[in-house]
Every structure is written in structure tokens, then in C-alpha cells.
Amino acid sequence: MLRRTLITGALLTWGAFAQMSSFPKPSYFRETFQQTQTKVVLKDPVRLKDFVVGGNIELSLKDYLALTMANNTGIQLQMLSVEQPKNAIQRAFDVWDPRLTATFNSQRSTSLPTSLLEGAGASGTLTTLSQPFSSNYTQTLDTGTQLQVQYAAQKISSSNSFSTFNPSLTSNLSVNFTQPLIQNRGRYVNRLNLMMARSSYRISDYNLRSQLLTLVNGAETAYWNVIQARESVKVAEKARETSQSNLNYVQQQLDLGAISPLDIYNPQQQLASTVLQVSQAKFALAQAEDALRLQIAVDLDADLRKLPINLTETVDLPNVDAIVFDREESINKALAGRPDVKSALQSLDRDDLAIQQAKNGMLPNLALLGTYQSQGRGGVFYQRSNVSIDGVQSSGIISTPGGFGDALDQMFHFGFPVYSFGLRLNLPVRSHAAAANMADALIGKKTDALRLRNTQEGVRLSILNAITALEGSKEQLKLAKIQQDFAQKNLDAMKEKYQLGAEILQNVITAEVNLSTAESNVVQQQVAVRRNILNLLTQTGELLDERGIVVQ
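Keep in mind that this is a model prediction, so the values were computed, not measured.

**Q** Would you explain the overall build of the protein in this entry?
**A** Scanning the protein from terminus to terminus reveals 14 helices and 11 strands. Each of the 552 residues in the protein was classed as buried or not, and the buried ones make up 34%. Across the protein, contacts joining residues at least 24 apart in sequence account for 78% of those joining residues at least 6 apart. As presented, the protein carries roughly 32,600 Å² of accessible surface, and 54% of it is formed by carbon and sulfur atoms.

Written out as C-alpha cells, the structure is:
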């Protein structure tokens, strides 16, 4: 029986101490005692110089998005948003962390003797030295079992004392456990906080992906804004060249005396108007490029911030009719893949855990208690005996030397055990707090269920609006191209009729303005189709996958 008890206690103690394997390692002392570094060093933008070609920063859409993910400050901020929920998972393990406490005290006292067994010295005083030591190891297992291993040793020595042991050495080892039987019973209940922390981490990860969808959408929108501004500059420059050519032709007529000097002002005004449009388009392009530089953090590099940016993507769409999205299929993809929908679903799982936790708090607390203790004693042993010499009785003291090893030997032989078992009941006759916690948990789940429905309804509406906007932009692009074709034909006809003298100059200039407006409208509609595709991919949650962006 004693052997089985010893083996059981040793296994429990060894299993508890096994989880402290990180303690003796040098890394433990480095992490614990080294000075905390509070200085934050931000890294410089990366890979920007890889795309410098011929004095320009040349970027395709894929390369631009790669630089955005690597260097964008807003994205880096969002990446950090999951670190604290991740640390919360580690913090949830704290309840199972082992703890070891040890105390040692040395006390010397001087007093007058109170009995004949305490022989006074020359000074007539009794000096006592007491040196107790105790250590306590506690740990809560994930089954709810609370384990406690205690060891205590004490040395008491007195001057001129004829006590039974002087010095008196004691050694005690005890193992205690508390096993919940109703409340906090089992691994599932005791791991609820950990599971809730992991659920919160998954929610934060979904929220991160939702924010990344918005940020990548904004970054790609900035890319297409530069493309549109660049094409607008080309349209404005073409209109200026046409106006300059028209002015040169009218100037020749004026030099030949074929027209009145008053007819020269209208083409001159048109040329000045197109020059102004070119200037405005270039300033708009500069602003769009500055916004693009911010997305890839190139403005942080003094050597690269002033280099021109050359975007390799074109605004042309070869086959607009091939861009087709099924409404119901897109809605199903969004409901299955959008991170905000997944976050709402995960919130329901966390609510279930909160309900289970609240239910556990309403249960009575019945626990099984157990204790096993072994003790030993050692030291110099003084044995009193009566001795007869020549018929005269006298008392004597026999001293037997001993030490701390005797106390340990007795303790580990378990010859003087103390063991006990018991039950402890904490019955909540009425608990307003537990009832309120359960009510809050149920309300929280119902609230999150309504939020999930609201999110799903919003997803469906956003998908329908995005597809409708895409179809509308495709149709407007077709009409804009038709309008551009008619405007070009009308300008050619007006020029030919003007050269034959059958049309006035004002109509020619009006045709030039109409052509420039039509060409600008085509560019706008082409970029609008790109933006609507981007918006639809964002609404369905497919943007990151479509752009090859992997979140780790």
C-alpha cells in the first residue's frame, strides 16, 4: 500500500514538474532578466529599386500590389491587429501554469530557562536558533484538478538544553489534490476560456482580411486613377495638336487674304482652351501619382521619390461582353467566402462557449479533497536513564548523534503517514450574478444572430448593386465608343466641307470639342468598367485570391 502511494505521488509530482522544462534553459534567464528593448525600429521600404528601369519606376498591376502589401503603412498596421488576440491565447494558458514558492527564515532568540531540562550557561540564559524552510508547488490541470506539493523542513537548536532532540530536525512532504465533481469538472469546461480566445483570434483574422479587402481595393483604385489621368493627358494633348493644326490652317488662309482677320480669334481661343485642359490634366496626373507613391511608400526613399512612374497596364478592354458574372452564383460565393460573414458566424460559436461558461457558473461546487503526508525527524538524540552506583540511584543522559539524513530517511520510508479524504460543497442557494451572466450570454447570441442576418442581407444587396453597376458601365462603354466614332466622322466631314467653303469655322471647332469630349468619355468608361470589376471582386471577397495575395 505504501509503495503504491509513493509511486502515485512521485508520478503526480514528476508530471507537474515536467511542464517546467523551460525553466533550466539559458533562454529562460535571458528572457526574464534581460533589459526590455522599448525602442522601435521601422524598416525601410523594400524591393523598390528592383523596378527602376531607365530612370523610371516601371510597375505592372501585379508588381504594384506586391509592393503595396510589403510597404504600405496602413496594411502593416492592420497586420498588427491580430497580435494581441494571438497573445490572448497564450494568456489563457496562465491558469495551468505551475507556480513554485519557497521561503527560508533564520531566527535566534535569547531567554531565561524555565525548567531544569534547560541548563543555563555561564550567562544564565538560554539561546535558541530556529531555521524553518518551506516550498510549495501548485498547479491546476486542464481537467480541473488542483495539485499541491508541499515540502517543509525545520532546524531548532538550543544552548545548554537537554530536550529529546537538540538540534531538532524535521522534514515533511505532503501531496494535496482537489478534484471538482460538478462545477469546473472536465477538460471541456476548463478549456472554455482558451477556446474563446482562439475564437476571438479567428474573428480578428477575418476582420483583418476584411480590412485588407478595403485597403487593396483602395490601392488598386489609385493605380487605375493614374491610368485614367495618364490617358486624359493624352486626349488633351491630342485635342491641343488638332487645335494647333486648325489654327495653322486658318493662319495660312489669313495670310493669303482668303478670310477676315476677325476669323483668327476663334481658333486661337480654342487652342488656348486646349492648352489649359492639358495643364489641368497634367496637374491631375501629378496628384494621382503622389497618391500612388503613398500606397507603395516610395515617398520614404529620398532617392526614388522624384523618379517618374511608368504603369504598364493599359486601359483598353479587348472583349467587354466576355465579362459576365452570374448574380446568384456571386451571392453564394460572397456568403461562403466573405470574411465579415465568417466573422459573424464565428461570433455565434464564441457565444455558444460563453453560454456554456455561464451555465457552469450556475452549478453547485462539489469537490473531492485528498491529502497524503509523510514526516521524519532527526538530530542529536538525548536519552535519559537511571543508573545505580554502589546502591545510589542517579540519573544520566546518553547522547546519540544524528543529522538531517535521518529525517529524510524516515520521510521517504513513509513510516509515519497522514492521509485524508473529504468533500467540500459550495451550494449557491441563489446567485443573481450567475443568472445575469446567463441572460447576457443568451442576449449576446441573439444579437450576433441578428447581426449575421443583417450582414447577409447587406451582402446580397451589395452584390446586386455591384453587378448592376458593372453591366451599366459596360453598356455605357459601348455607347461611348459609338459616340466617339460618330464624333470622328463628323469632324472629318466638317473639315472637308470647310475646305470646300460649304461650312463655317465655328462648326469645325465645335466638332473638335465634341470629339475630345467623346474620347475623354471613352477613357472614363473604360476605367469605370475596371473599377466596377474591382468593386465586385471586393464584394464577393475574391479580390485577394484573384490578385494572388496570400495572408499568413
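Additional details are given in the paragraphs that follow.
**Q** What is the right way to read the pattern of salt bridges from this model?
**A** Side-chain pairs of opposite charge can arise where the charged atoms are in close proximity. Using the criterion set out here, one finds 20 salt bridges in the structure. The closest approach of N and O atoms between aspartate 205 and arginine 209, which form a salt bridge, is 3.2 Å. In this pair, aspartate 205 and arginine 209 are both assigned in helix H7 (residues 192-255), 4 residues apart and thus about one turn of the helix distant. Its relative accessible area of 19% is what places aspartate 205 among the buried residues. Overall, arginine 209 belongs to the partly exposed group, its relative accessible area being 29%. Put simply, glutamate 542 and lysine 333 hold a salt bridge, and the shortest N to O gap is 3.6 Å.

**Q** What am I meant to see in the side chain of glutamine 539 here?
**A** Checked against the element boundaries, glutamine 539 lands in helix H13 (residues 505-540). The residues contacting glutamine 539, other than those within four sequence positions of it, are Ala334, Arg338, Ser462, Ile463 and Ala466.

**Q** Before we go on, may I ask you to explain the pairing of strand S2 (residues 56-59) in this structure?
**A** Along any regular strand the residues' side chains alternate between the sheet's two faces. Only one face of S2 is covered, namely the face carrying Ile57 and Leu59; the face carrying Asn56 and Glu58 is uncovered. Between strand S1 (residues 52-53) and S2, which follow one another and run antiparallel, lie 2 residues, and glycine 54 among them has a positive phi close to 60°. Pairing geometry for S2 and strand S8 (residues 309-311), over 3 bridges, is parallel. If you follow isoleucine 57 over to S8, its bridge partner there is isoleucine 309.

**Q** Is there a simple way to explain the nonpolar core in this structure?
**A** In terms of nonpolar packing, the biggest core is built from 62 residues, with Leu59, Tyr64, Tyr223, Leu292 and Leu311 touching the most fellow members. Contact partners of tyrosine 64, with chain neighbours within four places excluded, come to Leu59, Ala219, Glu220, Ala222, Tyr223, Leu292, Gln295 and Ile296. In terms of nonpolar packing, the next biggest core, distinct from the first, is built from 15 residues, Leu247, Val250, Ile259 and Val508 among them.

**Q** Which parts of the structure should I look at to understand the layout of surface pockets?
**A** To find leftover empty space, one rolls a probe the size of a water molecule over the atoms. Considering only enclosed or pocket space, the second largest pocket measures out at about 350 Å³ in volume. At the level of elements, helix H3 (61-71) and helix H4 (73-80) are the ones that each hand at least two residues to the lining of the second largest pocket. Here the lining of the second largest pocket takes 4 residues from H4, the largest share from any one element. A per-class count over the lining of the second largest pocket returns 9 nonpolar, 3 polar and 2 charged.

**Q** Honestly, the packing of helix H12 (residues 432-499) against H13 in this entry has me stumped. Any pointers?
**A** Packed helices, taken two at a time, are described by the angle their axes make and the gap between the axes. At their nearest, the axes of H12 and H13 sit 7 Å apart, and the two run at 160° to each other. The angle between H12 and H13 places the two elements in the roughly antiparallel class. Crossing of H12 against H13: the hand is left-handed. Considered class by class, the residues forming the contact of H12 with H13 number 21 nonpolar, 16 polar and 5 charged.

**Q** In this structure, what is going on with the sheet that holds S8? I would like to understand it.
**A** Across a sheet, strands are paired by hydrogen bonds formed along the backbone, either parallel or antiparallel in direction. Taken together, 3 strands build an open sheet; the order of strands is S1-S2-S8 and the sheet is mixed. Whereas interior strands pair on both sides, the edge strands pair on one side only; in this sheet they are S1 and S8.

**Q** Just checking my understanding: could you explain a nonpolar patch on the surface for this structure?
**A** Together, Tyr28, Phe29 and Phe33 make up an exposed nonpolar region whose accessible area comes to about 320 Å². Assignment of secondary structure puts phenylalanine 33 in helix H2 (residues 26-33). Phenylalanine 33 gets classed as exposed once you look at its relative accessible area, which sits at 63%.

**Q** Even after reading the chapter, I still don't get the packing of aromatic side chains, so can you show me in this structure?
**A** Geometry of an aromatic ring pair is reported as the spacing of the ring centres plus the angle between the planes. Per the counting criterion, the structure on display carries 8 aromatic pairs. Between tyrosine 223 and tryptophan 224, the ring centres sit 5.6 Å apart and the planes meet at 85°, which makes this aromatic pair edge-to-face. Accessibility assignment for this pair places tyrosine 223 and tryptophan 224 in one class, buried. Look at tyrosine 372 and tyrosine 419: their rings are 6.2 Å apart centre to centre, the planes differ by 5°, and that puts the pair in the stacked class. You can see tyrosine 372 sitting in strand S9 (residues 365-389) and its partner tyrosine 419 sitting in strand S11 (residues 417-426), a full 47 residues away along the chain. Its relative accessible area of 57% is what places tyrosine 419 among the exposed residues. Aromatic rings pair up to connect Tyr64, Tyr223 and Trp224 into one cluster.

**Q** Please clarify how the packing of H4 against H7 should be interpreted in this entry.
**A** Running from N to C, H4 and H7 point in directions that differ by 175°, and their axes come no closer than 10 Å. By the angle class used here, H4 and H7 are roughly antiparallel. Only Leu208, Gln211, Leu212 and Leu215 of H7 make contact with H4, whose side of the interface consists of Gly74, Ile75, Gln78 and Met79. Across the contact of H4 with H7, the residue classes break down as 5 nonpolar, 3 polar and no charged.

**Q** Whenever I open this one, the environment of lysine 62 confuses me. Can you help?
**A** Tracing the backbone shows lysine 62 in helix H3. Taking the C-alpha atoms as reference points, lysine 62 and glycine 548, separated by 486 residues in sequence, lie 8.3 Å from one another.

**Q** What is the right way to look at the side chain of glutamate 289 in this model?
**A** Within the element layout of this structure, glutamate 289 appears in helix H8 (residues 265-296). Look at glutamate 289: it is buried, it has no salt bridge, and the nearest opposite charge is arginine 293 at 4.1 Å.

**Q** Can you walk me through unusual backbone geometry in this structure?
**A** Note on backbone geometry: most residues besides glycine have negative phi, and most peptide bonds are trans. One non-glycine residue with positive phi stands out, namely arginine 47, at about 65°. Note that arginine 47 resides in the loop between H2 and S1.

**Q** Where do I start with H13 in this structure?
**A** Over its 36 residues, H13 runs 53 Å from end to end, which matches the ideal 52 Å to within 8%, given 1.5 Å per residue. One or two residues past the end of H13 sits glycine 541, with phi positive at roughly 80°.

**Q** Would you take a moment to explain the confidence of the model for the protein for this structure?
**A** Close reading of the predicted structure is inappropriate where its pLDDT is low. Here the protein averages 87 in pLDDT, and 88% of its residues register 70 or above. In this model, residues 1-21 is a region of pLDDT below 50 whose contacts with residues beyond four sequence positions or in other chains number 15 contacts.

**Q** What am I meant to see in the pairing of strand S3 (residues 99-104) here?
**A** In terms of burial, S3 is largely open, as just 0 of its 6 residues are buried. Bridging between S3 and strand S5 (residues 126-140) involves 6 bridges; their strand directions are antiparallel. Bridge pairing links arginine 99 to threonine 138 in S5.

About the cut-offs
- Residues numbered from 1 in each chain as written.
- Predicted model: local features only at pLDDT ≥ 70, side-chain atom pairs only at ≥ 80, totals over all residues.
- Heavy atoms only, no water.
- Helix = DSSP H or I, 4+ residues; strand = E, 2+ residues; numbered from the N terminus.
- Buried < 20%, exposed > 50% of the residue type's maximum accessible area, 1.4 Å probe, protein only.
- Contact = heavy atoms within 4.5 Å.
- Areas by Shrake-Rupley, 256 points an atom, 1.4 Å probe, with all protein chains shown as cover.
- Salt bridge = Lys/Arg side-chain N within 4 Å of Asp/Glu carboxyl O.
- Pairing = 2+ DSSP bridges.
- Core = buried A, V, L, I, M, F, W, Y, C linked by side-chain atoms within 4.5 Å.
- 1 Å grid on protein atoms, 1.4 Å probe; cavity = no way out; pocket = protein on both sides within 12 Å on 5 of 7 lines; lining within 4 Å.
- Points joined across faces, edges and corners; volume = space filled by probe spheres on them.
- Nonpolar A, V, L, I, M, F, W, Y, C, P; charged D, E, K, R; others polar.
- Axes fitted to C-alpha atoms, helices over the stretch in contact; angles between N-to-C directions.
- Parallel < 35°, antiparallel > 145°, perpendicular 65-115°, else oblique.
- Left-handed = near helix turned anticlockwise from the far one by under 90°.
- Patch = residues over 30% accessible without salt bridge, like charges linked within 9 Å, V, L, I, M, F, W, Y side chains within 5 Å.
- Phe/Tyr/Trp six-rings, centres within 6.5 Å; stacked < 30°, edge-to-face > 60°.
- Lys, Arg positive; Asp, Glu negative; His and termini not counted.
- Expected span 1.5 Å × (residues − 1).
- pLDDT = per-residue confidence, 0-100.

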